[in-house]
There are 2 protein chains.
Amino acid sequence: MRDVAIIGVGLTKIDLHFDKSIREIFKEAVSKALDDAFNPVIESAYIGNMAADEFNNQKNISSLLIDFSGLNNIPATRIETGESSGGSALIAGFNDVASGLHDFVLVGGVEKMSEVVSTEAESIISLGMFHEYETIQGLSPEGAAALIMRLYMHKYNVKDEDIALLAQQDHKNAVSNPYAQLRFEVTLESILKARSIADPITLMHCAPIGDGAAALILCPMEEAKKITDTPIQIAGIGQASDALGLTQRDDLLDFKSIRLAAEKAYKMAKIKPEDVQVAEIFDSYTIYGLLALEELGFAQRGEAAAMLKNGFFSKNGVKPVNISGGLKARGHPIGATGVYQTAEIALTLRGDAQLKIDSTPEVGLAQTLSGAGVNSTVQILRRV
Amino acid sequence: MRDVAIIGVGLTKIDLHFDKSIREIFKEAVSKALDDAFNPVIESAYIGNMAADEFNNQKNISSLLIDFSGLNNIPATRIETGESSGGSALIAGFNDVASGLHDFVLVGGVEKMSEVVSTEAESIISLGMFHEYETIQGLSPEGAAALIMRLYMHKYNVKDEDIALLAQQDHKNAVSNPYAQLRFEVTLESILKARSIADPITLMHCAPIGDGAAALILCPMEEAKKITDTPIQIAGIGQASDALGLTQRDDLLDFKSIRLAAEKAYKMAKIKPEDVQVAEIFDSYTIYGLLALEELGFAQRGEAAAMLKNGFFSKNGVKPVNISGGLKARGHPIGATGVYQTAEIALTLRGDAQLKIDSTPEVGLAQTLSGAGVNSTVQILRRV
């Protein structure tokens with residue numbers, strides 16, 4: 001297996017881009033990533049996208065996006081694993097370089113959600129739930145998250161205001177991320193008193209709807225060293241799935257897919273959870289963020305909220321988490337999110353001005369998730 | 001790069017399976033493929049599917065399908081490149097083994113189209129066309145194919161009855177394929193006199209709507225040799241894309257993506273078009289089949305129909321094509337088709353009773369296509 005490096009990163013500001021098409025925001029991310037990588041000849045592309053079929057009436061979108069971006073005729077494949085699509089696209093791109101089939105590969109992620117009204121967006125996102133048994137009975141993504149949050153609060157004696165700390169920290173961090181959608185701080189009170197979505201989840205426990213595209217350029221490490229002084233190695237990757245339906249699970253608080261994906265990634269990178277110095281975790285709902293911190297091995301069961309409270313995961317804490325602002329405040333353009341997260345970790349490890357932290361981390365981790373603990377990817381990056 | 005082999009094949013009979021869910025037909029294909037491969041422990045899965053989002057109201061379907069098939073918790077990724085999704089899934093699966101990330105990988109394809117009425121199916125398939133410029137103006141997949149067929153007839157002085165020969169041959173071949181949807185012969189007259197869909201295309205120039213699932217088990221060649229006496233090597237693969245919109249092309253008869261994908265696959269397999277002894281080509285419309293024969297290098301421009309006429313591509317001809325029955329008569333459960341084609345070539349090379357031919361070919365080729373020449377994959381298999 002060839003060592004694989006990230007040599008280019010391109011991000012667009014996440015927002016409701018009513019004035020731009022999905023092709024335009026994708027092209028912007030690709031152009032930036034190509035510039036950042038000193039414009040190599042791209043041979044192949046993998047694009048994470050959850051729902052252009054419905055948001056944009058467009059399937060087979062990878063060919064369209066790649067052609068519009070000027071990368072005419074290269075192989076282009078769309079990857080869809082719900083909200084974790086960006087992470088799965090990265091793994092497919094990694095394999096494409098690691099196998100030796102291609103040298104310079106683009107991994108992109110894009111979602112353009114603002115083409116539809118928010119109630120329709122909700123229906124589209126619900127297509128990722130188990131239709132035959134659950135969605136058809138009225139279970140929504142928020143409803144599932146609320147069930148799980150209520151159970152977590154009960155089992156571990158944790159309050160909603162403790163879980164809300166993650167949203168507050170996300171918003172604080174997003175202020176200094178130029179690509180983030182919601183760049184303002186919020187009080188704990190405003191989170192708790194926001195409109196109820198599915199009790200105990202308020203609007204401020206949920207990631208917003210937004211448009212965004214992110215792109216990465218991968219190549220063999222050997223080539224990367226000739227091109228840049230700051231190649232970032234993809235040192236470990238892992239993916240795992242779980243039953244789509246909540247009714248098929250033994251324990252709703254067991255987000256096994258995250259744990260299994262992480263185990264694979266740690267093993268491949270030959271590190272332990274405590275070696276991770278900075279992380280981007282998937283908090284589409286705050287409760288999923290807490291469960292991720294625990295399944296990744298950063299916190300004991302039921303302890304994540306307490307560690308958030310004492311600043312362990314804050315920007316200048318022991319293990320900074322979501323310095324981008326996380327899904328809550330950086331934003332969550334669904335199929336793009338996993339690529340944003342990986343790109344942000346790469347920028348932090350490079351010491352890039354926009355996502356820099358005081359310590360100079362060498363090892364970072366990004367984690368994606370679909371649905372209520374369904375598909376998960378974990379990618380570990382290392383500055384070499 | 002590790003050599004990759006196919007050690008297991010599982011196919012379901014293509015039909016309108018009103019009594020089965022998408023999960024059930026997928027599981028059937030997986031079970032057969034696992035049995036065929038002597039039940040190895042599968043580590044990862046890639047699933048080609050174009051439109052479960054709309055046909056079955058289900059995204060993130062790879063986790064659902066894999067879990068229901070008993071392959072709990074393994075990484076499972078859905079691949080979508082329109083009608084060529086099955087071919088692209090094979091490439092992702094190939095890379096997963098070739099890189100060394102996983103040893104035993106499932107490549108599946110599935111489409112369950114019979115959940116909706118045929119007019120709705122038509123709308124769903126049209127999502128693969130260029131929405132912003134063309135679909136919205138009323139161009140349909142059949143309309144695009146009709147434009148191209150008319151142009152081909154004019155440019156090369158070929159008659160519709162010559163192009164219809166491919167449909168007739170497909171139907172003849174399908175009779176002996178137990179998995180085929182339309183197992184009956186048709187006269188040339190019945191093709192020409194069938195209901196007009198988009199002149200000069202009649203119903204009998206088009207692939208039918210159907211449900212089906214196909215699965216392949218891949219592993220390193222080294223392992224394959226320990227498991228089976230008939231490992232089939234994936235000797236070459238290639239993929240290429242083109243502009244999604246017909247309005248963006250220089251020449252509507254130039255199906256460049258097939259040619260470029262084939263060039264890559266031939267180069268990788270170190271063979272020439274004339275070395276291919278048996279092939280499955282993508283004739284969603286008969287005209288696309290003829291163009292494929294030419295772009296693959298099996299016929300000169302404008303000559304494919306004449307070669308069909310003289311039996312060059314018939315079951316006992318020089319280079320048998322679509323002995324499965326092709327898309328026209330084997331059927332075309334969209335996201336599964338590329339996996340069916342690859343599986344069929346593997347069975348023929350293995351000398352399997354169900355798709356055997358009199359000669360004993362060592363090298364076969366399968367080709368997929370999305371839309372009117374958009375994304376294409378070419379996979380070359382070799383008996384070792």
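Attention shifts here to the relation of the copies chain A and chain B. When chain A is brought onto chain B, the operation consists of a screw motion whose angular component is 180° and whose axial shift is 0.0 Å, with 0.0 Å RMSD remaining. In short, the pair behaves as if placed about a two-fold rotation axis. For chain A, the smallest separation between a C-alpha atom and the rotation axis is recorded for serine 99 of chain A, amounting to 1.8 Å. Taken as a fraction of all interface residues of chain A, those also at the interface in chain B reach 100%, which identifies the copy contact as same-surface.

Going through the model one piece at a time under the given rule, you end up with 46 salt bridges over all chains. Among the salt bridges present, the one from glutamate 295 of chain A reaches arginine 301 of chain A, with a minimum N-O distance of 3.1 Å. Owing to a relative accessible area of 5%, glutamate 295 of chain A belongs among the buried residues under this scheme. The partly exposed category is assigned to arginine 301 of chain A, whose relative accessible area is 38%. In the salt-bridge network here, residues are joined through shared partners; they are Asp53, Glu54, Lys59, Arg78 and Glu80 of chain A together with Asp53, Glu54, Lys59, Arg78 and Glu80 of chain B.

Moving on, we get to the domain arrangement of chain A. All names here are of chain A. Assigned domains of chain A: these are domain 1 (4–117 + 210–232) and domain 2 (139–207 + 234–383). Centre-to-centre, using C-alpha coordinates, domain 1 lies 22 Å away from domain 2. Each partner contributes residues to the interface: domain 1 has 44 residues there, and domain 2 has 36 residues. Buried surface at the junction of domain 1 and domain 2, both sides included, amounts to about 3,100 Å², of which 70% is carbon and sulfur. Inspection of the domain 1/domain 2 interface yields one salt bridge. Of the charged contacts, one joins arginine 350 and aspartate 36 as a salt bridge, the two residues approaching to 3.0 Å between their closest N and O atoms.

Residues and elements named next belong to chain A. Where burial is concerned, most of strand β3 (residues 76–80) is hidden: five out of the five residues are buried. Pairing geometry for strand β2 (residues 44–48) and β3, over four bridges, is parallel. Paired with glycine 48 across the bridge in β3 is isoleucine 79.

The next subject is the interface of chain A and chain B. Note: interface size is frequently given as the accessible area lost on complex formation between the parts. Counting residues at the interface gives 58 residues for chain A and 58 residues for chain B. Interface area, chain A with chain B, both sides summed: about 4,600 Å², of which 49% is carbon and sulfur. Of all residues in chain A, Lys59, Asn60 and Asn73 of chain A give up the largest surface area on contact with chain B, accounting jointly for 16% of the area buried on that side. At the boundary of chain A and chain B, one finds eight salt bridges. Inspection of the region where chain A meets chain B yields 36 residue pairs in polar contact (both at pLDDT 80 or more). Where the side of chain A that touches chain B is concerned, the elements lending two or more residues are α2 (52–55), α3 (61–68), β3, α4 (85–98), β8 (232–240) and α10 (256–269) of chain A.

All names here are of chain A. Counting buried positions along strand β11 (residues 376–383) yields six of eight residues, so the element is predominantly enclosed. Across eight bridges, the pairing between β8 and β11 is antiparallel. Among the inter-strand pairings, glycine 236 is bridged to a residue of β11, identified as isoleucine 380. Bridge analysis of strand β10 (residues 363–369) against β11 gives seven bridges, and the strand direction is antiparallel. By the bridge assignment for β11, leucine 365 is matched with isoleucine 380.

Before going further, it helps to examine the packing of aromatic side chains. With the rule as written, the count across this model stands at 10 aromatic pairs over all chains. Look at phenylalanine 255 of chain B and tyrosine 288 of chain B: their rings are 5.3 Å apart centre to centre, the planes differ by 55°, and that puts the pair in the tilted class. Residue phenylalanine 255 of chain B is found in the loop between β8 (232–240) and α10 (256–269), and its partner tyrosine 288 of chain B is found in helix α11 (residues 286–295); the two are separated by 33 residues along the sequence. Overall, tyrosine 288 of chain B belongs to the buried group, its relative accessible area being 2%. Put simply, the rings of Phe255, Tyr285 and Tyr288 of chain A touch in pairs and so form one group of aromatic residues. Above the plane of the ring of phenylalanine 68 of chain A lies lysine 27 of chain A, whose end atom (NZ or CZ) is 5.1 Å from the centre. For arginine 23 of chain B, the ring lying beneath its charged end belongs to phenylalanine 68 of chain B, and the centroid distance is 4.6 Å.

Per-residue pLDDT for chain A has a mean of 97; in total, 100% of the residues score no lower than 70. For this predicted complex, the interface score ipTM comes out at 0.98, alongside a pTM of 0.98.

All names here are of chain A. For α4, spanning 14 residues, the distance from its first C-alpha to its last is 20 Å, which sits close to the expected 20 Å at 1.5 Å a residue. Taken across its 14 residues, α4 has 14 buried, putting it largely inside the fold. Directly beyond the C-terminal end of α4, a positive phi value near 95° is found at glycine 100.

All names here are of chain B. Note on placement: asparagine 49 falls in the loop between β2 (44–48) and α2 (52–55). Within the structure, the side chain of asparagine 49 is placed 3.3 Å from the backbone nitrogen of alanine 51, a separation counted as a polar contact. Residues within four places of asparagine 49 in sequence aside, it is in contact with Ile22, Arg78, Ile79, Glu80, Ser85, Val110, Glu111 and Gly335.

As a further point, take unusual backbone geometry. Excluding glycine, residues mostly have negative phi values, and the peptide bonds linking residues are mostly trans. In this model, aspartate 199 of chain A is joined to proline 200 of chain A through a cis peptide bond whose omega is 10°. Relative to the elements of secondary structure, proline 200 of chain A occurs in the loop between β5 (196–198) and β6 (201–202).

A separate point is the side chain of asparagine 95 of chain A. Its location among the elements puts asparagine 95 of chain A in helix α4. Only 2.9 Å separates the side chain of asparagine 95 of chain A from the side chain of aspartate 96 of chain B, close enough to count as a polar contact. Apart from the residues lying within four places of it in its own chain, the contact partners of asparagine 95 of chain A are Tyr46, Asn95, Asp96, Ser99 and Leu101 of chain B.

The rules behind each value
- Residues numbered from 1 in each chain as written.
- Chains lettered and ligands numbered in written order.
- Predicted model: local features only at pLDDT ≥ 70, side-chain atom pairs only at ≥ 80, totals over all residues.
- Heavy atoms only, no water.
- Least-squares fit on C-alpha atoms with pLDDT ≥ 70 in both.
- Contact = heavy atoms within 4.5 Å.
- Salt bridge = Lys/Arg side-chain N within 4 Å of Asp/Glu carboxyl O.
- Buried < 20%, exposed > 50% of the residue type's maximum accessible area, 1.4 Å probe, protein only.
- Domains from an automatic or database assignment.
- Buried area = accessible area lost by both parts, 1.4 Å probe.
- Helix = DSSP H or I, 4+ residues; strand = E, 2+ residues; numbered from the N terminus.
- Pairing = 2+ DSSP bridges.
- Polar contact = N/O pair within 3.5 Å; in protein donor to acceptor, adjacent residues only side chain to side chain.
- Phe/Tyr/Trp six-rings, centres within 6.5 Å; stacked < 30°, edge-to-face > 60°.
- Lys NZ or Arg CZ within 6 Å of the ring centre and 35° of its normal.
- pLDDT = per-residue confidence, 0-100.
- Expected span 1.5 Å × (residues − 1).

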